[in-house]
Amino acid sequence: MRFSRLFIPTTKENPSDAVLPSHQFLVRGGFVNQEGAGLYNFMPLGKIVLDKIRTIVKEELDNAGCNEVQLSFVTPMSLWDRSGRAEDMGKEMLRIQDRHQNDFVLSPTNEEAMVEMVKNRVKSYKDLPVNLYQINTKFRDEARPRYGILRGREFLMKDGYSFHASKEDMVREFDLMEQTYKKIFTRLGLDFRVVNADSGAIGGTGSKEFHVLADSGEDTIIVCQDCDYGDNIEIIYFDEEEVFKVNELTYEQLQTTEVTRKCGCGGKLSFKKGIEVGHIFQLGDKYSSALEAHFSDENGKPKPFEMATFGIGVSRLVASVIEQNHDEVGCIWTKSTAPYLVDVIVSNAKKEDELEVGMKIYENLKNAGISTIIDDRNGKKDTYGFKMGDFKLIGFPYAVVVGKQLKDGLVEIIDRKTLEKQEVEIDKVTQTLVELNS
Ligand code: ATP
Ligand code: MG
């Protein structure tokens, strides 16, 4: 892709309400723009990143045997009345009326609708298990939409729902999804932890959350330094006020708070801040019973489905990558989430030789399967310094600078994370980047 053809409105202006780096850099880097409180648009670069994350989520779920579907975003109020959840969801659920005064809801989650899809269609234990998911818009009228797309009102979620003939089979799928989520977050290049969690308004008998470790995380988790064990503090302190108080503490303040208890494995426990990017629940028959969704078991007896449900905050992940990976001047995308892996910077695109070599490098990289953008902008303000500024703000993992050293047959490769530079012969660029990318 040519930079000059892509709509990337970078800016020096910080949004006035932006306190977190991801919020500032995603707006300044031209990834997203705010349309209203908790409402964001994804501009071209943001959409590319969102789709990359979405693709990884889809690939791993499909690999694990899940089926993708797409539900209607607007759901009839009657569905929520029947499950008894209309009240539990409270004001977070945005209600609307059509021209005939029928009540509808902008879906905050979709357990009810998914049960309705399966009900009377999956009839026998022989047809089970079934695991259905969608990657679709959700709306929650959050009391405090904040931190940009980390806590929007409208956001993109992967929500999955599985149906089983027995509790054992449901627990098997729950464990499979835990492993699948670990693969997803590992592929995204994230440092994350899995913790035992509270089930909230979704309900059920057990749940686990996946947290991206970041000082700015809204949740406080306790993790073991030696084993996999972790808890969200909300299940340790039963008092909501206490949880609120601990969550208000910064990462630094928490480091002075010793956890006196030891882990079951004998390891040291410590507090971390996390951003919740995934949540999986063992639901049991809460929704299938309420909505009378039955299958017939081996003896021909009707039984409610055993269910589990699995969420991933797809749009929240875009910001989570940046909360974990940034410096003072901009984003540092992981290789699998970067909108492009390489930014070929033509220092002065008015110089024919620079542009020509730049284009050649760009074509070679593309042919080698490396996603590349070429900064071929040639306007008045499009100086080397300006292009470097955009490179650092946007956060492509690597830049190839075509400039002064061209007369010696050399270009410069810059690593965005370390900002280290190396001079490379023009015909070694592709090979070098293929190696760096492997
Ligand atoms: P939180 O505790 O952060 O409010 P939640 O527990 O209400 O989230 P779930 O019902 O578990 O959220 O939804 C599944 C996933 O959707 C969450 O793990 C999170 O990653 C994402 N998510 C939830 N609310 C939002 C939001 N307002 N904006 C962006 N992503 C969200
Ligand atoms: Mg949750």
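(A) Main features of helix H2 (residues 44–63). Taking 1.5 Å of rise per residue, the 20 residues of H2 would be expected to cover 28 Å, and the 28 Å separating its terminal C-alpha atoms lies within 8% of that figure. Within H2, the full set of buried residues consists of Leu45, Gly46, Val49, Leu50, Ile53, Ile56, Val57, Glu60 and Leu61. Buried residues of H2, seen end-on, are gathered within an arc of 150 degrees and therefore sit on one face of the element. Within two residues after H2, Gly65 carries a phi angle of roughly 95 degrees, on the positive side.

(B) Looking closely at the domain arrangement of the chain. Domain boundaries assigned for the chain yield domain 1 (8–330) and domain 2 (342–436). Taking only C-alpha atoms, the centre of domain 1 and the centre of domain 2 are 38 Å apart. Listed by partner, the interface residues are 12 residues for domain 1 and seven residues for domain 2. Considering only the surface of domain 1 that becomes buried against domain 2, Thr10, Asp327 and Val329 emerge as the three largest contributors, covering 40% of it. Counting every contact that joins domain 1 to domain 2 gives one salt bridge.

(C) Up close: the packing of aromatic side chains. Within the structure shown, the criterion is met by eight aromatic pairs. Both rings, one in Tyr181 and one in Phe185, keep their centres 6.0 Å apart while their planes meet at 90 degrees; by these two values the pair is edge-to-face. You can see Tyr181 and its partner Phe185 sitting in helix H6 (residues 167–187), four residues apart, about one turn around the helix. Taking relative accessible area as the criterion, Tyr181 reaches 0% and is therefore assigned buried. On the numbers, 5.5 Å between centres and 25 degrees between planes, the contact of Phe295 with Phe305 is stacked. One end of the pair, Phe295, is in strand S14 (residues 294–296); the other, Phe305, is in the loop between strand S15 (302–304) and strand S16 (306–313), and 10 residues separate them in sequence. Phe305 shares its class with Phe295; the two are buried. Through a chain of ring-to-ring contacts, three or more aromatic side chains come together here, namely Tyr181, Phe185, Phe192 and Phe210.

(D) Region of the structure containing the pairing of strand S11 (residues 219–224). Of all six residues that make up S11, six are buried, and the element is covered over most of its length. Side chains Asp219, Ile221 and Val223 project from S11 onto one buried face, and the interleaved Thr220, Ile222 and Cys224 project onto a second face that is buried too. Taken together, the three bridges between S11 and strand S12 (residues 230–232) define a ladder with antiparallel strand orientation. Bridged to Ile222 within S12 is Asp231. Joining the antiparallel neighbours S11 and S12 is a turn of five residues.

(E) Up close: the nonpolar core. Counting residues in hydrophobic clusters, the biggest one holds 62 residues, and the most contacted among them are Leu26, Phe31, Phe185 and Trp333. When residues in this core are grouped by element, the largest group, seven residues, is from H2. Here this core gathers at least three residues from each of two domains, domain 1 (8–330) and domain 2 (342–436). Once residues within four sequence positions are removed from consideration, Phe185 is found in contact with Leu190, Phe192, Phe210, Val277, Gly278, Ile312 and Leu317. Listed in part, the 27 residues of the second largest apolar core include Val105, Val130, Phe163 and Phe295.

(F) A look at the packing of H2 against H6. H6 packs onto H2 with a crossing angle of 145 degrees between their chain directions and a minimal axis gap of 9 Å. The crossing of H2 and H6 is right-handed. Within the contact between the two elements, H2 uses Ile56, Val57, Glu59, Glu60 and Leu61 and H6 uses Met177, Thr180, Lys183, Ile184 and Arg187. Taken together, the residues that form the contact of H2 with H6 break down as five nonpolar, one polar and four charged.

(G) How the structure looks around the site of ligand 1. Close to ligand 1 lie 14 residues; Arg140, Glu142, Arg151, Gly152 and Glu276 are nearest. With respect to ligand 1, the side chain of Arg140 contributes an N or O atom lying 2.9 Å from an oxygen atom. Between ligand 1 and the protein, one listed contact pairs a nitrogen atom with a side-chain N or O atom of Glu142 at 2.8 Å. Contact with the protein chains removes 86% of the 580 Å² of surface that ligand 1 exposes when unbound. Contributions of two or more residues to the shell around ligand 1 are made by strand S8 (154–164) and strand S13 (269–284). The residue inventory of the shell around ligand 1, partitioned by class, reads five nonpolar, four polar and five charged.

Definitions and cut-offs
The residue numbering used here restarts from 1 in each chain and proceeds along that chain's sequence as written. Following the order in which they are written, the chains are lettered starting with A and the ligands numbered starting with 1. For this predicted model, a pLDDT threshold of at least 70 governs which residues receive local features, and a threshold of 80 or more governs which side-chain atom pairs are given and counted, while totals over whole chains, interfaces and linings are taken from all residues. Each side-chain value is derived from all of the structure's non-hydrogen atoms; neither hydrogens nor water enter the calculation. Only runs of H or I of at least four residues qualify as helices and only runs of E of at least two qualify as strands under DSSP, and these elements are numbered from the N terminus. The length a helix should cover is 1.5 Å for every residue beyond the first. Using a 1.4 Å probe on the protein chains alone, a residue whose accessible area is under 20% of its type maximum counts as buried, one over 50% counts as exposed, and one in between counts as partly exposed. To be clear, the arc concerns the directions from the helix axis to the C-beta atoms. A domain assignment, automatic or from a database, supplies the domain bounds used here. Any two residues whose heavy atoms approach within 4.5 Å at even a single point are treated as in contact. In short, buried area is how much 1.4 Å probe accessible area vanishes from two parts on joining, totalled over both. We define a salt bridge as a contact between a side-chain nitrogen of Lys or Arg and a carboxyl oxygen of Asp or Glu at a distance within 4 Å. Stacked, edge-to-face and tilted are the three classes for Phe, Tyr and Trp ring pairs, Trp counted by its six-membered ring, which pair at centre distances within 6.5 Å; planes under 30 degrees apart are stacked, over 60 edge-to-face, the rest tilted. Strands are treated as partners if at least two bridges between them are detected by DSSP. Within this scheme, the nonpolar core is defined by two criteria: the residues are buried Ala, Val, Leu, Ile, Met, Phe, Trp, Tyr or Cys, and they are joined through side-chain atoms within 4.5 Å. Between N-to-C directions, angles cover 0 to 180 degrees, with each direction set by a line fitted to C-alpha atoms, over the stretch in contact for helices. When the near helix sits turned anticlockwise from the far one by under a right angle, the crossing is termed left-handed; a clockwise turn instead gives a right-handed crossing. Three residue categories are used. Nonpolar comprises Ala, Val, Leu, Ile, Met, Phe, Trp, Tyr, Cys and Pro, charged comprises Asp, Glu, Lys and Arg, and polar comprises the others, including Gly. Consider each residue's heavy atoms; a residue with any of them within 4 Å of a molecule or strand counts as near. For the purposes of these results, a polar contact is taken to be a pair of N or O atoms within 3.5 Å, where, inside protein, one atom must be able to donate a hydrogen and its partner to accept one; residues adjacent in sequence count only when each atom of the pair is a side-chain atom. Here the open area of atoms and residues is found with the Shrake-Rupley method and a 1.4 Å probe, where only the protein chains shown may cover a residue.

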